[in-house]
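Spelled out from the first residue to the last, the chains are:
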Amino acid sequence: MDVRRSGDRFRGGDPATGDSAGIETLHAFSFGRFYDPDNLRFGPILACNEERLAPGAGFDEHPHSHTEIVTWVVEGELTHRDSAAHATVVRAGDVQHLSSAAGVRHVERNDGQAPLTFIQMWLAPLEPGGEPSYTHVAGIADSTPYALPEAGAMLHVRRVFEGERTAVPDAAGVYVHVVRGRVLLDGEELAAGDSARITEPRGLEVEALERAEVLLWELAGV
């Protein structure tokens, strides 16, 4: 199990304009100008970015291709528009999946009055190309994982109260990201923003040290 701490994430954006633009980004993997050859991916996971957008801030239209983009809104409202004519407001507890396939362009903005925080995860597809697609699942439940067969992965959302335990899937690999709260995982305490990359977990559990929300990616290969 490889534990990565919140404070070790790369701070993204343009240093000259990022703060004034109201955008703060924290990268868990090598990204853009923060190139780290030893931290390129874990299985199909290419990126896990925590995005914090002030009211009125956002990312102008930009392209993606050959990437499965999954977004989890922590707080606030995310406005999404893309070149395939999808326009959606994604709220806390929703899962958004944009399959960029052979190519798509999109806009992401905070058009609300409150700060916006979301976790965006990029996964490599098993097969490149194809037609772009879009899925928005409102209010996903703990007992309903989101399957991503395009990348051989499945997303589990776990909300646990202090003292509760929840199982880590037995799989080839699992990527754990703590959204909020504190948990104990195989003797390691993890807090908000911390993550763990686990190869072939067997019989592991996440124990909540306080009320917590955790994202677990179950991976078919690492």
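This structure is a prediction, so every number in the text was calculated from the model and none was measured. (Residues numbered from 1 in each chain as written. Predicted model: local features only at pLDDT ≥ 70, side-chain atom pairs only at ≥ 80, totals over all residues. Heavy atoms only, no water.)

Chemist: So, the overall build of the protein chain: which residues are in play, and what are the values?
Modeler: Helices and strands together make up the secondary structure of the protein chain, namely zero helices and 21 strands. For the protein chain, the C-alpha radius of gyration of 17 Å lies close to 17 Å, the compact-globule estimate for 222 residues. Each of the three principal axes of the protein chain carries a C-alpha extent, and together these read 45 × 35 × 35 Å. Expressed as a percentage of its 222 residues, the buried residues of the protein chain come to 49%. In the protein chain, of all internal contacts separated by at least 6 residues, the share reaching a separation of at least 24 is 73%. Surface accessibility of the protein chain: about 10000 Å² in total, with carbon and sulfur atoms responsible for 49%. Across the protein chain, the 19 positively charged side chains and the 35 negatively charged ones have centroids separated by 2 Å. (Helix = DSSP H or I, 4+ residues; strand = E, 2+ residues; numbered from the N terminus. Rg over C-alpha atoms; globule rule 2.2 N^0.38 Å. Buried < 20%, exposed > 50% of the residue type's maximum accessible area, 1.4 Å probe, protein only. Contact = heavy atoms within 4.5 Å. Areas by Shrake-Rupley, 256 points an atom, 1.4 Å probe, with all protein chains shown as cover. Lys, Arg positive; Asp, Glu negative; His and termini not counted. Charge placed at Lys NZ, Arg CZ, Asp CG, Glu CD.)

Chemist: Go over the pattern of salt bridges, please, and point to the residues and values.
Modeler: Pairing is possible between side chains of opposite charge, provided their charged atoms come close. Tallying each qualifying case throughout the model produces 17 salt bridges. Salt-bridge contacts for R180 lead to E213; the nearest nitrogen and oxygen are separated by 3.7 Å. Separated by 33 residues along the polypeptide, R180 in strand β16 (residues 173-180) and E213 in strand β21 (residues 212-219) bring together distant segments of the chain. R180 sits in the partly exposed class, given a relative accessible area of 35%. Residue R182 is joined to E210 by a salt bridge in which the shortest nitrogen-to-oxygen separation is 3.1 Å. (Salt bridge = Lys/Arg side-chain N within 4 Å of Asp/Glu carboxyl O.)

Chemist: For the packing of aromatic side chains, give the residues involved together with the corresponding values.
Modeler: For any pair of aromatic rings, geometry is given as the distance between the ring centres together with the angle between the planes. What the rule picks out here adds up to three aromatic pairs. Considering the side-chain rings of F10 and F34, the 5.5 Å spacing of their centres and the 10° angle between planes classify their relative orientation as stacked. Placement of F10 in strand β2 (residues 10-11) and of F34 in the loop between β3 (23-27) and β4 (45-53) is noted, with a sequence separation of 24 residues between them. Overall, F10 belongs to the partly exposed group, its relative accessible area being 22%. Positioned above the aromatic ring of F29, the side-chain terminus of R197 is 4.0 Å from the ring centre. (Phe/Tyr/Trp six-rings, centres within 6.5 Å; stacked < 30°, edge-to-face > 60°. Lys NZ or Arg CZ within 6 Å of the ring centre and 35° of its normal.)

Chemist: Could you give an account of unusual backbone geometry, with specific residues and numbers?
Modeler: Most of the time, phi is negative for any residue but glycine, and the peptide bond is trans. A positive phi is found at H66, a non-glycine position, where the angle reads about 50°. Mapped onto the elements of the fold, H66 is located in the loop between β5 (58-64) and β6 (68-75). Residues other than glycine seldom take positive phi values, yet E200 does so here, at roughly 50°. Along the chain, the position of E200 falls in the loop between β19 (195-199) and β20 (205-208). Judged by relative accessible area, which is 56%, E200 ranks as exposed.

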